[in-house]
Amino acid sequence: MTRISLLAAWLFVAFLAASAFGPAALGQGVLVWVNPPHPIPLPRPIPHPRPTPPPMSYKIKELDYHAKVVDQVAQVQVSQSFVNTGSAQMEVSFVFPLPYDGAIDRMTFMVDGKEYDAKLLKKEDARRIYEGYVRQNRDPALLEWVGYGMFQTSVFPVPAGAERKVSLKFSQLLRKNHQLTDLMIPLSTAKYTSQPVEKLAINVAVETAVELKSVYSPTHAVNVQRPDNKHAIVKFEATHTVPTADFRLLFDTADGQLGASLLSYRPDSGDDGFFLLLASPEVKAASDERPAKTVIFVVDRSGSMSGKKIEQAKEALKFVLNNLRQGDTFNIVAYDSAVEAFKPELQKYDDETRKSALGFVDGLYAGGSTNIDGALTSALGMITDTSRPSYILFLTDGLPTAGETNEAKIVENTRQNNKHRVRMINFGVGYDLNSRLLDRLSRENFGQSEFVRPDENIEAHVSRLYGKMSSPVMTGLEVKVDVDAAGEGGPVNRVYPKRAYDLFAGEQLVMVGRYKRPGGAKVTVTGKVGNADRKFDFPGTLVEKSNDQSYAFVEKLWAMRRIGEIIDELDLKGKNDELVTELVTLSTKHGILTQYTSFLADENAPRQQLADLRGNTELTRKSLERLEATDGLAGVAQRFDKNALQLAERAASAPSGAFGAGLPADSSGGQGRVSGSGPQATRGAGLGGYGGGRTANFYRDAATDREVEAKGVQVAGKETLYKRGKLWIAANAQKIDPDKDTDKIKRVKRFSDDYFILVRDNTADENAVLAAQQEGEELLVVLRGQAYYIE
């Protein structure tokens, strides 16, 4: 028999980031060999199963988390199924690290229904286990756990090929910052499995005594159900996935019509800090009165819409008509060469007008050219009431071929005709359309663009987006952040989204930006609730310097949106050398690649390239010439990716389900796996920053309109690492030449005594960088001001 320890990442956020975060929910298990006959590293996923299984290996089959959170206390049950995929029977024990005593209460551990005892090991004893594993197996995976205590269970057997289900029940007190509560479930160590996890499920039920407002995950695309104003059900599911990001959920509470929380992160006191603002309206029952609105659906019925597209468009129209509310006004404008309206003026919504409009929709057929300018002019001319929010849902699948066809003139005509701040939500169908025209219309008319690919359903896109915007709670939104400290210039800058517009029931504003001066802050939100002007004030703090990485995700989320904004500026306004240089700098620092900077992940590029800002800027400038393509697959793919960055809400490192999901590999000889445009691909889906997302280490290839993983770049701890040959270079060491700067570099042999001295001096984030280095690889990184070459 082979004796191993089943080391579970039942970690706290504090544990993952040098006690930075505070209590968090426990995570998943990792099998660790103790006293093996030869070095055996933790398993990693392989694209194709080996014909003969290794003697010692395992896979995580399922991870299932159920948590009930009542205010600040979480009751958690975690179940994990793992399979011995090796050829030998193993004896295992379950071990989980803890940063300090008292974090967990009423812990129960079971294997296939049988309860097992556990004992507490002090951090000194636990350190010997961690370091012993790293030394014996020559695998740095557990380095970030060094320095913490652990619980360890008694031994139980797992025969070859057998499956075991382990479960853990416990209660814990969650971290709270003012009214914002923080739940975290470490998932990333589940990447140590021989095959992708077949099923990952997270279910969190939140109950609060005070009204629940924002429910936000900066890491995962969660589904949030809000049955009433004090409850929420949060779900996330993925199949055939290798988790690379820990799950995090933030929620805040506040009585009243609006709630807001301000988070700040400032790693360098000499530079501008980063902030994130969450704002959410109160949750009302479905029967409660909602502000009336105006909706005009402008639908393309040109010849190119014939067949499946016109039928789907008609179903989308019917969905909108069946989900308007009493008191709303509406109309339908259908266009080809000519423009035809359902009625000459706006109609009050009731059962009679609904039935009549449905009959009009049934009579639509495709044929003729595409008069976009005439259709939008007609629709905007119908809106004269400024007391209610108004929306145009504009759908097209083609280029303007009738009436005014010049892109700039169509945009200018629309801007001049939009006299009442009408929000234009544009749906581009297929690839044969002017995607830049849609983006320009969105930018000038307070809206956004949504692109529907040829294999996607028009009705699904329209119904999902309309479902979000069907109930405006606060319109004409303006947000202002003031700081107590005196100083020149505005207190905040580079805020995204630039304009928030409206706040919808069940949605939340996620705003990010930079701040110059720290101190006490006041957030002021103004807008209309119904016909009344309202103003809400919220206190907050912009920190002088962050002592930990609790809110480090705010910086990366800001960088993603800033990159999207830069590309949008270059797309709609033309060349700007300063913006191109900033794009390269941000992409390099954060590992947020686009199709214009994907060359940074080229493992075969010269090592010196990373530090060549001028050369990289020139390469990026040439790549940006692709933006001249306004239609076709390349045009749509570029605008889709740009919009996804602008609407990003998450800073995770990989899309859920991207690995092992039956998706084809990149055949271009490029840099990794790809995911398509279906459920596995992340996408922008919000309204001015209220939804959507984009993964950091994937970029959309304009030639194929598919997401490609950049395997030559990874994020470990706080650092972005780039691979050149067998050397990983941290972004903070890109200007160091290991051949010329020998006097600046301290060389350390991996797994030597000096190596473990370095490990003991490191924070968990710094050890995470060391853990990213695998067998046969080298690492160049700056730690606490000293450059190290790990070989």
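Data block above holds the structure.
Residues numbered from 1 in each chain as written. Predicted model: local features only at pLDDT ≥ 70, side-chain atom pairs only at ≥ 80, totals over all residues. Heavy atoms only, no water.

Undergrad: Explain the sheet that holds strand E33 (residues 519-529) to me, please; I cannot follow it from the model alone.
TA: Pairing between the strands of a sheet comes from backbone hydrogen bonds, and it takes one of two forms, parallel or antiparallel. Taken in spatial order, the four strands of this open sheet run E31-E29-E33-E34, and their pairing is antiparallel. Since the sheet does not close on itself, it has two edges, and those belong to strand E31 (501-504) and strand E34 (532-542), each with one partner. Going across the sheet, the axis of each strand differs from the next one's by a mean of 35 degrees, ignoring polarity. Where strand E29 (residues 472-483) and E31 come together, three bridges link them in antiparallel fashion. Its bridge partner lying in E31, Pro472 is registered against Phe504. (Pairing = 2+ DSSP bridges. Helix = DSSP H or I, 4+ residues; strand = E, 2+ residues; numbered from the N terminus. Axes fitted to C-alpha atoms, helices over the stretch in contact; angles between N-to-C directions.)

Undergrad: Any chance you could explain unusual backbone geometry here in plain terms?
TA: Residue Pro497 follows Tyr496 across a cis peptide bond; omega there is 0 degrees. Of note, Pro497 is situated in the loop between strand E30 (492-496) and E31. A positive phi angle, near 55 degrees, is found at His178, a position not held by glycine. Tracing the backbone through its elements, the reader meets His178 in the loop between strand E13 (175-177) and strand E14 (180-185). Even without a glycine there, the phi angle at Arg784 is positive, about 55 degrees. Along the chain, Arg784 turns up in the loop between strand E42 (778-783) and strand E43 (786-790). Given a relative accessible area of 45%, Arg784 falls into the partly exposed group. (Buried < 20%, exposed > 50% of the residue type's maximum accessible area, 1.4 Å probe, protein only.)

Undergrad: I keep staring at the environment of Asn418 and nothing clicks. Help me out?
TA: By the secondary structure assignment, Asn418 is in the loop between helix H6 (407-417) and strand E27 (423-429). Each C-alpha atom of the pair Asn418 and Leu380 lies 6.0 Å from the other, and the pair is 38 residues apart in sequence. Those residues in contact with Asn418 that lie beyond four places of it in its chain are Leu380, Asn445 and Phe446. Polar contacts involving the side chain of Asn418 include one to the main-chain amide nitrogen of Val422, which spans 2.8 Å. (Contact = heavy atoms within 4.5 Å. Polar contact = N/O pair within 3.5 Å; in protein donor to acceptor, adjacent residues only side chain to side chain.)

Undergrad: Would you take a moment to explain helix H7 (residues 435-444) for this structure?
TA: Note on helix geometry: an α-helix contains 3.6 residues per turn, so any two residues three or four positions apart are oriented the same way. H7 sits mainly inside the fold: seven of its ten residues count as buried. Taken as a whole, H7 has its buried residues at Ser435, Arg436, Leu437, Leu438, Asp439, Leu441 and Ser442. Where H7 begins, one side-chain oxygen reaches toward the backbone nitrogen of Arg436, 3.2 Å away; that side chain belongs to Asn434. Positive phi appears at Phe446, one or two residues downstream of H7, with a value of about 60 degrees.

Undergrad: Got a minute to help me understand the packing of aromatic side chains in this structure?
TA: Two descriptors summarise a pair of aromatic rings, namely the distance from one centre to the other and the angle between the planes of the rings. Within the structure shown, the criterion is met by ten aromatic pairs. With a centroid separation of 6.4 Å and 90 degrees between ring planes, the pair formed by Phe319 and Tyr466 is classed as edge-to-face. Here the residue Phe319 occupies a position in helix H3 (residues 308-322), and Tyr466 occupies one in helix H8 (residues 458-469), the gap between them amounting to 147 residues. Overall, the relative accessible area of 1% leaves Tyr466 in the buried class. (Phe/Tyr/Trp six-rings, centres within 6.5 Å; stacked < 30°, edge-to-face > 60°.)

Undergrad: Please explain the pairing of strand E4 (residues 73-84) as it appears in this structure.
TA: A regular strand carries its side chains on alternate faces of the sheet. E4 sits mainly inside the fold: nine of its twelve residues count as buried. By the bridge criterion, twelve bridges tie strand E3 (residues 58-70) to E4 in an arrangement that is antiparallel. Directly across from Lys59, in E4, lies its bridge partner Val83. The hairpin formed by E3 and E4 contains two residues between the paired strands, and Asp71 there has a positive phi angle of roughly 55 degrees. Pairing between E4 and strand E12 (residues 163-173): eleven bridges, direction antiparallel. Of the residues in E12, the one forming a bridge with Gln75 is Ser171.

Undergrad: Please explain the pattern of salt bridges as it appears in this structure.
TA: A pair can form between side chains of opposite charge whenever their charged atoms are brought close. Under the definition given, this model contains 50 salt bridges. A salt bridge links Glu340 to Arg301, with the nearest nitrogen and oxygen atoms 2.7 Å apart. Placement of the pair is Glu340 in strand E24 (residues 339-341) and Arg301 in the loop between strand E22 (294-300) and H3, with a sequence separation of 39 residues. Three or more residues are tied together by salt bridges with common partners; here these are Asp439, Arg443, Lys498, Glu565, Asp568, Glu569, Asp571, Lys573, Arg639 and Lys642. (Salt bridge = Lys/Arg side-chain N within 4 Å of Asp/Glu carboxyl O.)

Undergrad: Where do I start with the side chain of Arg388 in this structure?
TA: In this structure, Arg388 sits in the loop between helix H5 (372-381) and strand E26 (390-396). Of the polar contacts made by the side chain of Arg388, one reaches the backbone oxygen of Gly327; its length is 3.0 Å. Side-chain polar atoms of Arg388 contact the side chain of Thr329, separated by 3.5 Å. For Arg388, the residues in contact, after removing those within four places along its chain, are Ala292, Lys293, Thr294, Gly327, Asp328 and Thr329.

Keep in mind that these numbers describe shape and distance, not what the molecule does.
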